[in-house]
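# Structural characterization, general
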Amino acid sequence: MISTHNLPKAGALRDGFKKVGYETDLVTTDESLQDSEAVLLVLTNARLDETESLLRQAREGLRVPVFAISENESLSSTQVSQFDEVFKRSASIADVVLLGGRVIDRQRLRQLTGIIGETDAILQMLERVVQIAPVASTVLVTGESGTGKELVARGIHALSPRRHKPFIAVNVVALSDTLLESELFGHEKGAFTGAIDARKGLFELSDGGTIFLDEIGEMPLATQTKLLRVLEQREFHRVGGEKSIKVDVRIIAATNQDLRQLISIGEFRRDLFFRLNVLNIELPPLRERREDIPLLVESFVREVSEHHDREFPGISAEAMQILSAYSWPGNIRELKNLVESMVVLGPGRVIRPEDIPT
Ligand SMILES: Nc1ncnc2c1ncn2[C@@H]1O[C@H](COP(=O)(O)OP(=O)(O)OP(=O)(O)O)[C@@H](O)[C@H]1O
Ligand SMILES: [Mg+2]
């Protein structure tokens with residue numbers, strides 16, 4: 001969506017965005033916004049008062065990012081902060097389209113996944129997901145327990161061209177060694193006691209889509225060898241099968257362990273590590289991005305109180321300070337659980353420091 005008094009420039013920008021797949025429309029400031037992916041305002045003489053209702057519609061109605069191109073170099077910082085990005089008049093169309101496109105993708109990713117956070121670490125992570133999502137390369141997601149590895153894996157899939165195909169998550173630890181192999185690769189009739197029928201494995205079922213291998217560090221060495229073969233040759237055998245089966249599956253693996261350490265004690269294959277670690281996303285622990293804690297708390301309070309239909313009277317500043325200073329060994333999952341217990345079991349008034357369960 002482009003709103004402007006300067007139509008020639010706006011037209012060129014709209015064409016630029018269209019070339020890379022983003023739909024925009026030309027409107028003047030007093031029209032209402034249609035369904036589109038971003039709002040782009042060319043500000044002449046910084047007539048910001050005219051843009052107020054557009055900004056509100058974009059934020060509350062469409063929930064899309066708003067960019068400004070300032071013809072006026074002297075916007076105040078409050079004015080700048082109203083926009084997701086302010087471009088100088090001298091910025092090239094290509095730059096506006098590239099940077100603007102990334103902001104649009106990041107916002108879409110947030111809407112698809114519910115990922116919250118404004119710290120540099122999170123913004124960089126979102127940026128990386130946006131870059132990584134479109135290609136088919138294998139991704140290794142690392143980070144402590146509860147930092148959002150599965151959420152990120154789902155986000156990669158949801159932004160990728162595979163999004164209409166299956167996303168299948170497998171927890172490696174939840175299955176015994178023999179069961180894991182037949183789950184992943186399937187089995188033929190009579191392959192083992194109890195295999196009364198032939199069955200497709202998860203690799204076959206996720207053909208065209210994405211398979212998420214959680215807790216990859218726990219995978220038994222024998223299965224690691226088979227996985228390596230899938231990565232190298234894109235083919236495998238069902239358990240007890242002769243025929244080799246080809247699949248087109250994107251693999252995303254996750255671990256909270258230090259795989260290099262596991263390699264050094266012989267529990268993880270070095271060659272598999274290199275095959276998995278083509279693209280890496282490392283999620284920071286919550287204690288390294290404490291500025292996001294109040295945002296996360298607010299969002300989880302809203303979500304949980306809506307879900308349980310409970311009014312929540314709020315959290316005092318002192319109590320929020322304690323939450324912000326805590327070390328969160330269980331990261332976001334721990335924070336989410338704590339919020340849930342405060343909403344459900346809370347004292348029915350504003351939470352004070354002494355109400356925080358220890
Ligand atoms: N940045 C975030 N914003 C909002 N919610 C998040 C964020 N990161 C994680 N969560 C939520 O925290 C919980 C834990 O996330 P997730 O299951 O993805 O973590 P994980 O790293 O896979 O944990 P584990 O190693 O224990 O499997 C989920 O409910 C998820 O929705
Ligand atoms: Mg997980």
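What you are looking at is a predicted structure, and each value in this text was computed from that prediction instead of being measured.

Moving on: the overall build of the chain. When helices and strands are tallied, the chain shows 14 helices and 12 strands. Relative to its 358 residues, the chain shows a buried fraction of 47%. For the chain, contacts bridging at least 24 residues in sequence account for 71% of all contacts bridging at least 6. When the accessible surface of the chain is split by element, carbon and sulfur atoms take 49% of a total near 18,200 Å². Taking the average place of the 43 positive charges on the side chains of the chain and the average place of its 53 negative ones, the gap between the two points comes to 5 Å.

What follows deals with the packing of aromatic side chains. Considering all chains together, one arrives at seven aromatic pairs under this definition. Here the aromatic rings of Phe167 and Phe212 are separated by 6.1 Å at their centres, their planes lie at 25°, and the arrangement is stacked. Of the two residues, Phe167 sits in strand β7 (residues 167–171) while Phe212 sits in strand β8 (residues 210–214), which places them 45 residues apart along the sequence. We classify Phe167 as buried; its relative accessible area is 18%. Taken together, the ring pairs in this structure connect Phe185, Phe203 and Phe236 into an aromatic cluster.

Summarizing the sequence annotation, UniProt attributes the feature "domain: Sigma-54 factor interaction" (unreviewed entry) to residues 115–344 in the numbering used throughout. The span residues 115–344 is 44% helical and 13% strand by assignment, and the distance between its end C-alpha atoms comes to 23 Å.

Counting through the fold element by element, Thr210 comes out in strand β8. Within polar-contact distance, the side chain of Thr210 engages the side chain of His157 at 2.7 Å. Setting aside anything within four residues of it in sequence, one finds Thr210 in contact with His157, Arg162, Pro166, Phe167, Ile168, Val249, Arg250 and Ile252.

Helix packing for two helices is described by the angle between their axes and how far apart those axes are. In contact at an axis separation of 9 Å, helix α5 (residues 120–132) and helix α6 (residues 149–159) are set at 40° when each is read in the N-to-C sense. Here α6 runs oblique to α5, going by the angle between their axes. Our pair here, α5 against α6, has a crossing hand that is right-handed. Taking contact as the criterion, the partners of Met125, Val129, Val130 and Ile132 in α5 are, on α6, Val152, Gly155, Ile156 and Leu159. Among the residues making up the contact of α5 with α6, the classes are represented as seven nonpolar, one polar and no charged.

It is worth spelling out the nonpolar core at this point. Leu184, Phe203, Ile211, Ile216, Leu227 and Phe268 are the most contacted members of the largest nonpolar core, which has 30 residues in total. For this core, the elements supplying multiple residues, two or more each, are β7, α7 (177–185), α8 (202–205), β8, α9 (221–233), β11 (250–255), α10 (259–264) and α11 (270–276). Top element by residues in this core is α9. It accounts for four residues. If near-sequence neighbours (up to four positions away) are discounted, Ile211 is found in contact with Ile168, Val170, Leu184, Leu202, Phe203, Ser206, Val249, Arg250, Ile251 and Ile252.

Time to look at the site of ligand 1. Close to ligand 1 lie 17 residues; Ile116, Ser145, Gly146, Lys149 and Arg333 are nearest. Contacts to ligand 1 include Arg333, whose side-chain N or O atom sits 2.8 Å from an oxygen atom. Relative to its free-state accessible area of 640 Å², ligand 1 is covered by the protein chains to the extent of 85%. When residues of the shell around ligand 1 are traced back to their parent elements, those giving at least two are α6, α12 (293–307) and α14 (331–345). Looking at the shell around ligand 1, its residues break down into six nonpolar, six polar and five charged. Structurally, the shell around ligand 1 is a two-domain feature, drawing no fewer than three residues from each of domain 2 (120–282) and domain 3 (287–355).

What counts and how
Residues numbered from 1 in each chain as written. Chains lettered and ligands numbered in written order. Predicted model: local features only at pLDDT ≥ 70, side-chain atom pairs only at ≥ 80, totals over all residues. Heavy atoms only, no water. Helix = DSSP H or I, 4+ residues; strand = E, 2+ residues; numbered from the N terminus. Buried < 20%, exposed > 50% of the residue type's maximum accessible area, 1.4 Å probe, protein only. Contact = heavy atoms within 4.5 Å. Areas by Shrake-Rupley, 256 points an atom, 1.4 Å probe, with all protein chains shown as cover. Lys, Arg positive; Asp, Glu negative; His and termini not counted. Charge placed at Lys NZ, Arg CZ, Asp CG, Glu CD. Phe/Tyr/Trp six-rings, centres within 6.5 Å; stacked < 30°, edge-to-face > 60°. UniProt positions renumbered as here; feature names shortened; annotations may be inferred. Polar contact = N/O pair within 3.5 Å; in protein donor to acceptor, adjacent residues only side chain to side chain. Axes fitted to C-alpha atoms, helices over the stretch in contact; angles between N-to-C directions. Parallel < 35°, antiparallel > 145°, perpendicular 65-115°, else oblique. Left-handed = near helix turned anticlockwise from the far one by under 90°. Nonpolar A, V, L, I, M, F, W, Y, C, P; charged D, E, K, R; others polar. Core = buried A, V, L, I, M, F, W, Y, C linked by side-chain atoms within 4.5 Å. Near = heavy atom within 4 Å. Domains from an automatic or database assignment.

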